[in-house]
There are 2 protein chains.
Amino acid sequence: MSNFNFADRIKTLEPSTIREMLKAPSGPDSISFSAGNPSPLTFPASKMAEFAADIFRDDYATALQYGITEGYAPLRQAVEERYRKHAIGSENDELIITSGAQQAIDLSIKVLVNEGDTILCESPSFIGALNCFRSYNTRLVGIPVDKDGMDIDALEYALVNEPNVRIIYTIPTFHNPCGSTMSLERRTRLIELAQKYDVYIIEDSPYFELRYSGEDLPTLKSMDTGGRVIFAGSFSKVIAPGIRIGYVSAHRDIIARMTIAKQVSDVHTNLFFQILVERYLSNGLLDDHIRECCDLYKQKRDRMLSAMEKHMSDKVSWNSPGGGLFIWAELPDGYDGQTLCNLLRERQIICVPGNTFNVDKMQTSCGFRLNFSLPSDEQIDRGIATIGEVLSEYVVM
Amino acid sequence: MSNFNFADRIKTLEPSTIREMLKAPSGPDSISFSAGNPSPLTFPASKMAEFAADIFRDDYATALQYGITEGYAPLRQAVEERYRKHAIGSENDELIITSGAQQAIDLSIKVLVNEGDTILCESPSFIGALNCFRSYNTRLVGIPVDKDGMDIDALEYALVNEPNVRIIYTIPTFHNPCGSTMSLERRTRLIELAQKYDVYIIEDSPYFELRYSGEDLPTLKSMDTGGRVIFAGSFSKVIAPGIRIGYVSAHRDIIARMTIAKQVSDVHTNLFFQILVERYLSNGLLDDHIRECCDLYKQKRDRMLSAMEKHMSDKVSWNSPGGGLFIWAELPDGYDGQTLCNLLRERQIICVPGNTFNVDKMQTSCGFRLNFSLPSDEQIDRGIATIGEVLSEYVVM
């Protein structure tokens, strides 16, 4: 044990279970459904290599020098133009470039939430966000989520009864880990409630362009007339995560504060790749590229759903996500996702148990999360078949 | 004015004056001595372009994918090997890669300092650090600094009299803005005091490899036996700042907490450039490159000092820095650096007034900071001559 006195905010914080799992050694035959990684098959490496060579030739003195905290101006403009139809970067807004959407979440909390204030969020939810909230010594209150997104009645109950609520955090489209998408009716009510109870909404939407079936719904950002929605976006899933390029759009007063907070956090985001992404966008390559990503991921999703249908339909239930990277499966009442995942690990199958994503990690969960973007077709077939075998031993009905 | 309720920590924080100055439009004839930027002439762009092309060919699936928060393992190892003689990454330590040294400072405060705790630092000091401390609602107490570094008697007085001191922040080598280097005797006393009063030291040392004259002194990190020094280093000044690659070395218990804090801040640092910097180091290119940087900067420092000798030696005094990027000049008693800088601006010369760097920004300063790394030789000659003219009108003795 450590003898160091750490700040209160950090004393009890633990690293992301999933990110620690990713570091664990695994045998050559092991199959991981645990990541949230995009497939490297989608990385547009050869195009990026061309742009990189160009930048080193014609713009290196800018790309390698300090830049402004707000981000590379042509990239900010290109992102605003691309997403204007979602009311991102609209009239009273500003948009800045962040070091991934994670930083957009972090900066939102830093500028809007005091220690002890309450944040309402879906439970289960994205661990990186939950741990970020914890790292500011905030109070988290989990709101249940079903196939149509956050339970809005439970949300209103919490808004009425919980003290000092400042933020509602939501992943409305292709939720992590649940795969669900918030219905239009719930989106409308969510915006009304934020206005009524004077709270902000963080709309975390790293997957919204990865739709494989169904119709797009409007972003919360585009439905908001009160300047209450902070939209966190990312190029991690549609270009590449290793470059750490995201963006955040919100009312300009909020962005002005976030810019100061970013300045003291990392000065600015890697400028070379900001320029590279700008060139990628300005050359009109992203739409075609996203179509290719969607073709690949749709095929993988459908393959996993078929395998699940074949091997486990009598033991677990699941959603059929319209997009994103995850399928959420649930065991029957009385069975535990953690126990299942422990059994799977003995068979070298790595899944993330649902309780990992809970606001209260002590609360058990009958769910587990399956990622379909990263495993190969063969791994999907073999892995799901193995899960089916383990389920037939574990779940005896 | 804004109607938004911001977090207490961020309500009164203002953006860095210098970084705002850099955004101000300036005429083609204006001369800036205000930046802290390295010269783009030093950027090893052609070598970096080669490594980048290699990475896009042979390692893109790693470089563009998510990485671990601690940083790219071969880079961590290469950095530790390079700096082991400074006791960086030594026995009980860990080293992680950060998004510039700014993030190393930010994470240190996040894990070690509660709101309301006290931080002692040189005044004047680096604005990015001061604003970072302010953004955590900490109490700042400034300690005077002279040509031999922080005033250690004043430091001890503060350690005895100020409540809840947690951190001493110092730039011991080629101080920003003062250019001074802490003497060996003061380094020894500083370490003793940190031990005696049970506080941590952040040794911020982005310039320590840029020495143009005099002898190297040991890092505080290498003199510390109590695990109290957190060393923040950076490749911004010796490779390029736009890539945002820094590192932090400290006792492994501290680094473990900083890793969790980094995970929720930006997940990890741009992985592509971590790999690129690792290749640059492993190919043994950095020492020669730093020698070239030093040759250029020594010539620029000496040129500026000669011009100052010629044009202003009867009006201001200054240090002769052994390295780094800055010369600190002081007006006679009763004259104000801010007034001088306002007069200079009318002549299109941009310098940073000393009060900008003060812990108490309302406190006036007779100093002003001159950067010699970025202006051309011609700009140094013409700019310093112009400052001499303005001084002969402003300072009448």
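Keep in mind that what you see is a predicted model, and the values were worked out from it rather than measured. (Residues numbered from 1 in each chain as written. Chains lettered and ligands numbered in written order. Predicted model: local features only at pLDDT ≥ 70, side-chain atom pairs only at ≥ 80, totals over all residues.)

A. Layout of the overall build of chain A. A tally of helices and strands in chain A yields 15 helices and 15 strands. Computed over its C-alpha atoms, the radius of gyration of chain A comes to 21 Å, within 12% of the 21 Å expected for a compact globule of 397 residues. Its C-alpha atoms give chain A principal-axis dimensions of roughly 60 × 55 × 55 Å. Each of the 397 residues in chain A was classed as buried or not, and the buried ones make up 57%. Pairs at least 24 residues apart make up 76% of the contacts formed inside chain A by residues separated by at least 6 positions. (Helix = DSSP H or I, 4+ residues; strand = E, 2+ residues; numbered from the N terminus. Rg over C-alpha atoms; globule rule 2.2 N^0.38 Å. Buried ≥ 20, exposed ≤ 12 C-beta atoms within 10 Å, placed from the backbone. Contact = placed C-beta atoms within 7 Å.)

B. Examining the packing of helix α5 (residues 73–83) of chain B against helix α12 (residues 271–282) of chain B more closely. Residues and elements named next belong to chain B. The N-to-C vectors of α5 and α12 enclose an angle of 40°; their axes lie 9 Å apart at closest approach. Considering the angle they form, α5 stands oblique to α12. Judged by the twist between their axes, the crossing of α5 over α12 is left-handed. Residue-level contacts link Pro74, Leu75, Ala78 and Arg82 of α5 to Gln274, Val277, Glu278, Leu281 and Ser282 of α12. Residue composition of the contact of α5 with α12, by class: five nonpolar, two polar and two charged. (Axes fitted to C-alpha atoms, helices over the stretch in contact; angles between N-to-C directions. Parallel < 35°, antiparallel > 145°, perpendicular 65-115°, else oblique. Left-handed = near helix turned anticlockwise from the far one by under 90°. Nonpolar A, V, L, I, M, F, W, Y, C, P; charged D, E, K, R; others polar.)

C. Just the domain arrangement of chain A, in detail. Residues and elements named next belong to chain A. You can read the domains of chain A as domain 1 (8–43 + 288–394) and domain 2 (64–282). Here domain 1 and domain 2 have C-alpha centroids that lie 24 Å from each other. Contact residues are listed per partner, giving 34 residues for domain 1 and 35 residues for domain 2. Among the elements that take part in the side of domain 1 that touches domain 2, helix α13 (residues 286–312) stands out by supplying six residues, more than any other. Each residue belonging to the side of domain 1 that touches domain 2 can be placed in one class, and the counts come to 16 nonpolar, twelve polar and six charged. (Domains from an automatic or database assignment.)

D. Up close: the environment of Phe357(A). Residues and elements named next belong to chain A. When you line up the elements, Phe357 lands in the loop between β14 (352–353) and β15 (367–371). Residue Phe357 is classed as buried on the basis of its 27 C-beta neighbours within 10 Å. Between the C-alpha atom of Phe357 and that of Val277, which follows or precedes it by 80 residues, the distance is 32 Å. Residues within four places of Phe357 in sequence aside, it is in contact with Pro124, Ser125, Ile127 and Pro177.

E. Fine view of the pairing of strand β3 (residues 118–122) of chain A. All names here are of chain A. Of all five residues that make up β3, four are buried, and the element is covered over most of its length. Crossover connection from β3 via helix α7 (residues 127–134) to parallel strand β4 (residues 139–143): handedness right-handed. Alignment of β3 against strand β7 (residues 165–170), held across four bridges, turns out to be parallel. What sits directly across from Ile119, in β7, is Ile167. (Right-handed = clockwise from strand over helix to strand, strands pointing away. Pairing = 2+ DSSP bridges.)

F. A look at the sheet that holds strand β12 (residues 326–330) of chain A. Residue and element names in this part refer to chain A. Spatially, the four strands line up as an open sheet ordered β11-β12-β15-β14, and their pairing is antiparallel. Looking at strand neighbours, the two that pair on one side only are β11 (317–318) and β14, the edges of this open sheet. Here β12 runs beside β15; their pairing, made up of five bridges, is antiparallel. What sits directly across from Phe326, in β15, is Asn371.

G. Main features of the interface of chain B and chain A. Counting from both sides, the interface comprises 64 residues of chain B and, opposite them, 64 residues of chain A. Counting only elements with at least two residues in the side of chain B that touches chain A, the list comes to α1 (8–11), α2 (17–23), α3 (45–58), α4 (60–63), α6 (100–112), α7 (127–134), α11 (252–266) and α12 of chain B. Broken down by element, the residue count for the side of chain B that touches chain A peaks at ten residues, all from α11(B).

H. Examining α6(B) more closely. If you check α6(B), its first and last C-alpha atoms are 19 Å apart, about what 13 residues at 1.5 Å a residue would give, namely 18 Å. For α6(B), the tally of buried residues reaches 13 of 13 residues, placing the bulk of the element in the interior. (Expected span 1.5 Å × (residues − 1).)

I. Broad picture of the environment of Pro28(B). Turning to its location among the elements, Pro28(B) is positioned in the loop between α2 and β1 (31–32). Among the residues examined, Pro28(B) registers 5 C-beta atoms within 10 Å and is labelled exposed.

J. Fine view of the pairing of β12(A). Residue and element names in this part refer to chain A. Extensive coverage of β12 is indicated by the burial of four of its five residues. Sheet topology places β11 next to β12; two bridges connect them, and they run antiparallel. When the bridges of β12 are listed, Ser317 appears paired with Glu330.

K. Looking closely at the confidence of the model for chain A. For chain A, the mean per-residue pLDDT works out to 95, and 97% of the residues sit at or above 70. In the predicted assembly, ipTM is 0.96 and pTM is 0.97. (pLDDT = per-residue confidence, 0-100.)

L. A look at the relation of the copies chain B and chain A. Superposing chain B onto chain A takes a rotation of 180° combined with a translation of 0.0 Å along the rotation axis, leaving an RMSD of 0.0 Å. Taken together, the rotation and translation relating the two chain copies correspond to the operation of a two-fold axis. Comparing interface residues between copies, 100% of those in chain B also sit at the interface in chain A, which points to an isologous, same-surface contact. (Least-squares fit on C-alpha atoms with pLDDT ≥ 70 in both.)

M. Structural view of the nonpolar core. Ile230(A), Val248(A), Ile230(B) and Val248(B) are the most contacted members of the largest nonpolar core, which totals 242 residues. When near neighbours in sequence (up to four residues on either side) are disregarded, Ile230(A) contacts Ser108(A), Tyr200(A), Ile201(A), Ile202(A), Glu203(A), Val248(A), Ala250(A) and Ile254(A). (Core = buried A, V, L, I, M, F, W, Y, C linked by C-beta atoms within 7 Å.)

N. Expanded view of unusual backbone geometry. In this structure, the amide linkage connecting Ser123(A) to the following residue, Pro124(A), adopts the cis form with an omega of 5°. With respect to the helices and strands, the residue Pro124(A) is situated in the loop between β3 and α7. Residue Pro177(B) follows Asn176(B) across a cis peptide bond; omega there is 10°. Along the chain, Pro177(B) turns up in the loop between β7 (165–170) and α9 (184–197). The residue Phe174(B) is not glycine, and still its phi comes out positive at about 55°. By the element assignment, Phe174(B) lies in the loop between β7 and α9. Assessed through the 24 C-beta atoms surrounding it within 10 Å, Phe174(B) is described here as buried.

O. Expanded view of the sheet that holds strand β15 (residues 367–371) of chain B. All names here are of chain B. Ordered by their spatial adjacency, four strands build an open sheet running β11-β12-β15-β14, and the pairing between neighbours is antiparallel. Strands at the two margins of the open sheet, each flanked by one partner only, are β11 (317–318) and β14 (352–353). Note that β14 and β15 share two bridges and pair antiparallel. Residue pairing for β15: Val352 is matched across the bridge by Arg369. Running over the sheet, helix α14 (residues 337–346) touches β14 and β15 and is turned about 45° from β15.

P. Seen up close, α7(A). Burial analysis of α7(A) places eight of its eight residues in the buried class, the great majority of the element. Three or more residues of α7(A) are buried, namely Ile127(A), Gly128(A), Ala129(A), Leu130(A), Asn131(A), Cys132(A), Phe133(A) and Arg134(A).

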